[in-house]
Amino acid sequence: MKEIGINYSSFSTSQNGYYKTNYKTTETAKINFVGQPSTILKMIIISPSGNMVGGEEIIELRADGRKDINLELDGLTSGIYTAVVTKGNSQSSETFSVG
């Protein structure tokens, strides 16, 4: 499982402390959210063609200000995707490739 760390203002893609931006379609990305406790975030994934993949994901951070989710990559076509996280009027995005 690969990890994508996320905070309010930026994303970082890493595994074991090393930055990673390319994933195989057989992998699962573990996305780590960190912020203020009980904060509500929204996340969408944008495909290479500009369409939303799946639906909007609502993420509520736990009392310790953290939340982990798994992003299944199987079924995605090869290309560059964008993960977009919003909190109120603030937005942050990070691109990653699959394939």
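Residues numbered from 1 in each chain as written. Predicted model: local features only at pLDDT ≥ 70, side-chain atom pairs only at ≥ 80, totals over all residues. Heavy atoms only, no water.

1. Some points on the overall build of the protein
Inclusion rule: Only DSSP runs of H or I with at least four residues qualify as helices, and only runs of E with at least two residues qualify as strands; both kinds are numbered from the N terminus onward. Think of it in three bands: with a 1.4 Å probe and only protein chains considered, a residue is buried below 20% of the maximum accessible area for its type, exposed above 50%, and partly exposed in between. Note on areas: Shrake-Rupley with a 1.4 Å probe; residue coverage comes only from the protein chains shown.
Of the regular secondary structure elements, the protein holds zero helices and ten strands. For the protein, the succession of helices and strands along the chain, N to C, is β-β-β-β-β-β-β-β-β-β. Expressed as a percentage of the 99 residues in the protein, the buried residues total 34%. Working note: accessible area of the protein is about 5800 Å², and carbon and sulfur atoms make up 45% of it.

2. Looking at the pattern of salt bridges
Keep this limit in mind: For this document, the term salt bridge refers to a Lys or Arg side-chain nitrogen within 4 Å of an Asp or Glu carboxyl oxygen.
For the structure on display, the rule yields one salt bridge. Salt-bridge contacts for Arg 62 lead to Asp 64; the nearest nitrogen and oxygen are separated by 3.4 Å. Overall, the relative accessible area of 47% leaves Asp 64 in the partly exposed class.

3. Details of the sheet that holds strand 4 (residues 22-23)
Put simply, the rule reads: One requirement defines pairing of two strands: DSSP has to find at least two bridges between them.
The five strands lie next to each other as 4-10-9-6-7, forming an open sheet whose pairing is mixed. Where the open sheet ends on each side, the last strands, each with one partner, are strand 4 and strand 7 (52-60). Pairing analysis gives six bridges linking strand 6 (residues 40-46) to strand 7, with the strands arranged antiparallel. Along strand 7, the bridge assignment pairs Lys 42 with Ile 58.

4. A closer look at the packing of aromatic side chains
Quick note on the threshold: For Phe, Tyr and Trp, rings pair up if their centres lie within 6.5 Å, where Trp contributes its six-membered ring, and each pair is then called stacked (planes under 30 degrees apart), edge-to-face (over 60) or tilted (otherwise).
If you walk through the whole model with that rule in mind, you get two aromatic pairs. Geometrically, the ring pair formed by Tyr 23 and Phe 96 is edge-to-face, given 6.0 Å between the ring centres and 85° between the ring planes. Separated by 73 residues along the polypeptide, Tyr 23 in strand 4 and Phe 96 in strand 10 (residues 90-98) bring together distant segments of the chain. When sorted by exposure, Tyr 23 lands in the same class as Phe 96, which is buried. Arranged with centres 6.0 Å apart and planes meeting at 20°, the rings of Tyr 81 and Phe 96 form a pair that is stacked. With a gap of 15 residues between them, Tyr 81 in strand 9 (residues 79-87) and Phe 96 in strand 10 connect regions that are remote in the sequence.

5. Overview of the confidence of the model for the protein
Using the following cut-off: The predictor attaches a confidence to each residue, called pLDDT, with possible values from 0 through 100. A contact between two residues is defined here by any heavy atoms of the two lying within 4.5 Å.
When the pLDDT values of the protein are averaged, the result is 80; 80% of them are 70 or greater. For the protein, per-element mean pLDDT is lowest for strand 2 (residues 11-15), which scores 46, and highest for strand 7, which scores 94. Segment residues 8-14 is flagged for pLDDT under 50; beyond a separation of four residues in sequence, or across chains, it makes 35 contacts in the model.

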